[in-house]
Amino acid sequence: MSMNLLDEALGGGGGGRVILIEDCVETSGAFVVHHLLKRSLSNPHSSDVVVFLSFANPFSHYDRILRKMGCNLVIQRDNKRLLFFDMLMLKRADGKKGEELLLALYGEVQKAVEVCLSREGIQHITLIIDDISLVEVDANGSSNLVLDFLHYCYTLTAQFGCSLITLNHEDVYSTVDRPALLLQSEYLADVVIKAEPLATGLAADVHGQLTVVNKGLRLDGSGNSISRIRNFHFKIKETSVDYFYPGSQLK
Amino acid sequence: MAEWICRTLRDGGLEGEHAPALIIKDTIRCPLSSFVFDHVLSQLSSFILSNKSQSKGIVLVALSRSPLYYQQFLKSKGYDVVDSPCWIKALDCYSDPLGWKSKLVESGSILNRDPGSSFTSSLCKNVRDLDNLFSSIIEIGKELAGDGKGRFVVAIDSVSEMLRHTTVSSVAALLSNLRSHDQVCCLFWLLHSDLHETRATAALEYMSSMQASVEPMALPANGQIGNSMNLSLMEQNYRRGKFCVRVKRRNGRVRMMFEELCVEISGVKFAPVSSEDNVISQSLVPKVQFNLQLSEKELNDRAKVVLPFEHQDNGKTTQIYDGRKSLNEDETEIHEKVNSSGKGEIIYFRDSDDEMPDSDEDPDDDLDI
């Protein structure tokens, strides 16, 4: 897969990383989730598995979008390279709530991770959660409970070397105090990707800007520290997304 | 100064005194306190291993980072915590803080728990029970310290995580009990102050004898993220910060010290504050391709410019020509002719009071061409 600005900003794959995507109403960060999902499934050696916890959309939604991007989620699911948890369906069946529900959900996730890693050839698992604000709904509004659940998901990165990708909305919380849930997630993430509108407002050719903060200490070939913060614009097209630095026009 | 803090912790408290306690704080704008925590841990380890410290070991209460992280960190510093004789133990409050994994294993949902290592002394399955946590810390510490009078260091990463599960008063009580325990040589903990209310942070500061906070060198100006100046300032805050330490002395005097902190691949470095950086960081002039500031010579020349007519501020009152020559005027004219040194002079009388000085109005406006 060719490298675009987002891939460059994220740096080399590397297991055990926590990536947080923040977006807002004006600029949805869903396209970043789709890009990372495709990236995780694109490993030609098939040593990666994705565990996808979807609280926001059904499987068909992602299938349709990823198909246009050239990735067939049905085949991946059938090959057990994608484990899709449709939380909208599972919740109704279970009847569990609050801590009980999240504990059980975590149990499902760890079981899935253990089963996958016990299969031959599987080396790395990516856990994607879309999205955190809806996990809070299941937690009956308790952000502390959501943080507990997230903490347990983080322990998977230490114990099994999994990567964790979460999406959260910046603007669903009170603006008076920066909420603990968002801040805590930012402290713990290794990479924070923020999708925001342009300061100048809506535009036809540019749909927004991405700011990628990569906290990992990295050096380039000559021993110099690589820039940790990148900011660039993006345009969402039918089958792909263009990323470019401000001012450079893509024909 | 950072070295001074480490030495103070190493030396512990006097007989009958509470153990010195260090709180390391930061905010999301400059989240570098975990590097400082690691640095202090590494320094104290070095003192203990070279027998320069009165403490025999370190009890590390790991809440927000895995004991495996610390094992790898200390290994990178050249300290083998697994095979060599025991001088540091981790109380693992990270892997299963609420006992979820234990419950799942019991119900058969998941297979195994983290096997752990000899570095991890025990697994805490309920971080809400601080009394039990205190007992565990003391038990591990006594094991490390050996005989009855041996002392140990307690490191907590992080108290912010603890505050999520319990009240401020319980955490304060835990810290106070640790400080007053005979065998605790010193104590240090990490706190992200913007995750808590001000009063919670203040209460924990009272529990400490030294407060170290990491602050940004410069704050980005309000405005566009895309501004390259803001980006570079933001980036700087992920790499460098101002390290401010406040120490309460026994006699009540408070001493404040500042250093610059820089995070590199090899670890964190401390240096005296350089005034140059302050000047640069306070400059709000945007980076553009033309010069917006005045040079020294230009400033001097500007100061020497004589302003025209009424703006000279030389004490003369503004005279307005009313079309009639008055006696006063004649006298003034004669007076001026006598005093004139022969040089040319412009005597300006404003036409009318209605006319504002420096009016932009075009005097030819009324012409009908």
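The structure reproduced in this document is the subject of the present report. Nothing here was measured: the structure is a model prediction, and the numbers come from that model.

Turning next to the sheet that holds strand β3 (residues 88-92) of chain B. Residue and element names in this part refer to chain B. Here 10 strands make up an open sheet; going across it, the order is β4-β3-β2-β5-β6-β1-β7-β8-β9-β10 and the pairing mixed. The strands lining the two open edges of the sheet, one partner per strand, are β4 (120-123) and β10 (267-271). Pairwise comparison of adjacent strand axes, ignoring direction, gives a mean angle of 20 degrees for this sheet. Note: strand β5 (residues 151-157) against strand β6 (residues 184-192), five bridges, orientation parallel. Its bridge partner lying in β6, Ile156 is registered against Trp189. Against the sheet, helix α2 (residues 33-49) touches β1 (21-26), β2 (55-62), β3, β5, β6, β7 (210-215), β8 (240-248), β9 (254-264) and β10, its axis set at about 165 degrees to β6.

The next subject is the interface of chain B and chain A. On the side of chain A, 40 residues touch chain B, which itself brings 43 residues to the contact. Across the salt bridge formed by B:Arg164 and A:Asp148, the nearest N and O atoms sit 2.9 Å from each other. Between chain B and chain A we count 16 residue pairs in polar contact (both at pLDDT 80 or more) in total. Secondary-structure elements contributing two or more residues to the side of chain B that touches chain A are α4 (100-106), α6 (159-165), α9 (228-237) and β9 of chain B. Among the elements that take part in the side of chain B that touches chain A, α4(B) stands out by supplying four residues, more than any other.

All right, on to a negative patch on the surface then. Among the surface-exposed residues, B:Asp362, B:Asp364, B:Asp365 and B:Asp366 lie close enough to one another that they form a single negatively charged patch. A relative accessible area of 66% means that B:Asp366 is categorised as exposed.

On to a nonpolar patch on the surface, then. Taken together, the side chains of B:Val254, B:Met256, B:Phe258 and B:Val273 define a hydrophobic patch exposed on the protein surface, amounting to about 350 Å² of accessible area. Structurally, B:Val273 is set in the loop between β10 and α10 (275-282).

Most peptide bonds take the trans configuration, and most residues that are not glycine carry a negative phi. With an omega of -5 degrees, the peptide bond between A:Asp130 and A:Asp131 qualifies as cis. Looking at the element boundaries, A:Asp131 is found in the loop between β4 (124-130) and α7 (132-138). A cis geometry characterises the amide bond from B:Asp157 onward to B:Ser158, with omega recorded as -5 degrees. Relative to the assigned elements, B:Ser158 resides in the loop between β5 and α6. Even without glycine at this site, A:Lys80 takes up a positive phi of about 60 degrees. With respect to the helices and strands, the residue A:Lys80 is situated in the loop between α4 (73-78) and β3 (82-86). Of the residues examined, A:Lys80 reaches a relative accessible area of 47% and is grouped as partly exposed. With phi around 55 degrees, B:Asn51 is a residue other than glycine that occupies positive phi space. Checked against the element boundaries, B:Asn51 lands in the loop between α2 and β2.

Calculation notes
- Residues numbered from 1 in each chain as written.
- Chains lettered and ligands numbered in written order.
- Predicted model: local features only at pLDDT ≥ 70, side-chain atom pairs only at ≥ 80, totals over all residues.
- Heavy atoms only, no water.
- Pairing = 2+ DSSP bridges.
- Helix = DSSP H or I, 4+ residues; strand = E, 2+ residues; numbered from the N terminus.
- Axes fitted to C-alpha atoms, helices over the stretch in contact; angles between N-to-C directions.
- Contact = heavy atoms within 4.5 Å.
- Salt bridge = Lys/Arg side-chain N within 4 Å of Asp/Glu carboxyl O.
- Polar contact = N/O pair within 3.5 Å; in protein donor to acceptor, adjacent residues only side chain to side chain.
- Patch = residues over 30% accessible without salt bridge, like charges linked within 9 Å, V, L, I, M, F, W, Y side chains within 5 Å.
- Areas by Shrake-Rupley, 256 points an atom, 1.4 Å probe, with all protein chains shown as cover.
- Lys, Arg positive; Asp, Glu negative; His and termini not counted.
- Charge placed at Lys NZ, Arg CZ, Asp CG, Glu CD.
- Buried < 20%, exposed > 50% of the residue type's maximum accessible area, 1.4 Å probe, protein only.

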